Amino acid sequence: MEWIDWIAGHAKQNPLGILGLAISLILTVVKIYETFWKDRLSLATSYFFTSHPGEADEIVIANLSPIPVQIAYWTIAWEKRWYALRVKDVDVTPEDPFRFKVPGRDGFALRFRDDDKFPTRGKVAANRKLVLRLHVFGRRRPVKLVVGAS
């Protein structure tokens, strides 16, 4: 228990050193929280598909984080589920996927009209899930979002 006496004696002689240590530990914890938890990318999707002619299908991308997200490129496809062995993926990305920005704590709607509409029911949806891949500026890999519970 000599080392405890040594620490206590050192703390009595240098109270500012102990205060500096405590403040630096608190600031380290705050920085770790900001880096890994608060400012992380968090996206979600919602959708509205209609079978009425003339009305647009819609996929809404919600940015749940406070930081805006810039999308460089995106694709959408019906991908096979893990248990579907003989099923192939079906790419339904429109011909000209555009760039867009989703502000922090806001959303952006992808609307599919007339020529851009893709099948949402029947054989194409059987044993597949609708997956939206967002290629975000500054990230190496795309963000993969499953649209609904298809």
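Our structure's up above, just so we're on the same page.
Residues numbered from 1 in each chain as written. Predicted model: local features only at pLDDT ≥ 70, side-chain atom pairs only at ≥ 80, totals over all residues. Heavy atoms only, no water.

Chemist: Please explain helix H1 (residues 2-13) as it appears in this structure.
Modeler: Each full turn of the α-helix corresponds to 3.6 residues, which orients residues three or four apart in the same direction. Counted at 1.5 Å a residue, the expected span for H1 with its twelve residues is 16 Å, and the 17 Å between its end C-alpha atoms agrees. Counted residue by residue, H1 has zero buried out of twelve residues, so it is predominantly exposed. (Helix = DSSP H or I, 4+ residues; strand = E, 2+ residues; numbered from the N terminus. Expected span 1.5 Å × (residues − 1). Buried < 20%, exposed > 50% of the residue type's maximum accessible area, 1.4 Å probe, protein only.)

Chemist: Would you mind going over unusual backbone geometry with me for this structure?
Modeler: Across the chain, the bulk of peptide bonds are trans and the bulk of non-glycine residues have phi less than zero. The backbone phi angle of Arg-105 is positive, close to 55 degrees, even though this residue is not glycine. Located in the positive-phi region is Asp-114, a residue other than glycine, with phi close to 35 degrees. Secondary-structure assignment places Asp-114 in the loop between strand E6 (106-112) and strand E7 (128-136). A residue is classified by how much of its surface remains accessible, and Asp-114, at 61% relative accessible area, is exposed.

Chemist: Help me out: how do you make sense of the pairing of strand E3 (residues 69-80) in this one?
Modeler: Consecutive side chains along a regular strand alternate between the two faces of the sheet. Taken together, the three bridges between E3 and strand E5 (residues 100-102) define a ladder with antiparallel strand orientation. Its bridge partner being in E5, Ile-71 is matched across the sheet by Phe-100. Where E3 and E7 come together, nine bridges link them in antiparallel fashion. Bridging from a neighbouring strand, Lys-80 pairs with Arg-128 of E7. (Pairing = 2+ DSSP bridges.)

Chemist: I would appreciate a short explanation of the pattern of salt bridges in the present structure.
Modeler: Throughout the structure, instances matching the rule amount to four salt bridges. Between Asp-57 and Lys-117 there is a salt bridge, with the nearest N and O atoms lying 3.8 Å from each other. In this pair, Asp-57 sits in strand E2 (residues 57-63) while Lys-117 sits in the loop between E6 and E7, placing the two residues 60 residues apart along the sequence. For Lys-117, a relative accessible area of 27% translates into the label partly exposed. Across the salt bridge formed by Lys-144 and Glu-79, the nearest N and O atoms sit 3.8 Å from each other. Of this pair, Lys-144 sits in strand E8 (residues 143-146) while Glu-79 sits in strand E3, placing them 65 residues apart in sequence. The class of Lys-144 is partly exposed, set by a relative accessible area of 42%. (Salt bridge = Lys/Arg side-chain N within 4 Å of Asp/Glu carboxyl O.)

Chemist: What exactly am I supposed to notice about the packing of aromatic side chains here?
Modeler: A ring pair, where both rings are aromatic, is described by two values, the distance of the centres and the angle of the planes. On inspection of all chains with the given rule, the structure shows nine aromatic pairs. Aromatic side chains Phe-49 and Phe-118 sit 5.9 Å apart centroid to centroid with 75 degrees between the ring planes, which places their arrangement in the edge-to-face category. With Phe-49 in the loop between strand E1 (43-48) and E2 and Phe-118 in the loop between E6 and E7, this residue pair connects regions lying 69 residues apart in the sequence. With respect to burial, Phe-49 and Phe-118 carry one shared label: buried. Ring pairs connect the aromatic residues Tyr-47, Phe-49, Trp-74, Phe-98, Phe-100, Phe-108, Phe-112 and Phe-118, which therefore count as one cluster. (Phe/Tyr/Trp six-rings, centres within 6.5 Å; stacked < 30°, edge-to-face > 60°.)

Chemist: Help me understand the sheet that holds E6 in this model?
Modeler: Taken together, the three strands give an open sheet; going across it, the order is E1-E2-E6, and neighbouring strands pair in antiparallel fashion. Of all the strands in the sheet, just E1 and E6 have a single pairing partner and so form its edges. Strand after strand, the sheet turns through a mean of 20 degrees between neighbouring axes, direction not considered. Two elements, E1 and E2, share six bridges in a ladder whose sense is antiparallel. In the strand pairing of E2, Ser-46 is matched with Val-60. (Axes fitted to C-alpha atoms, helices over the stretch in contact; angles between N-to-C directions.)

Scope: geometric values only; no functional claims are made or implied.
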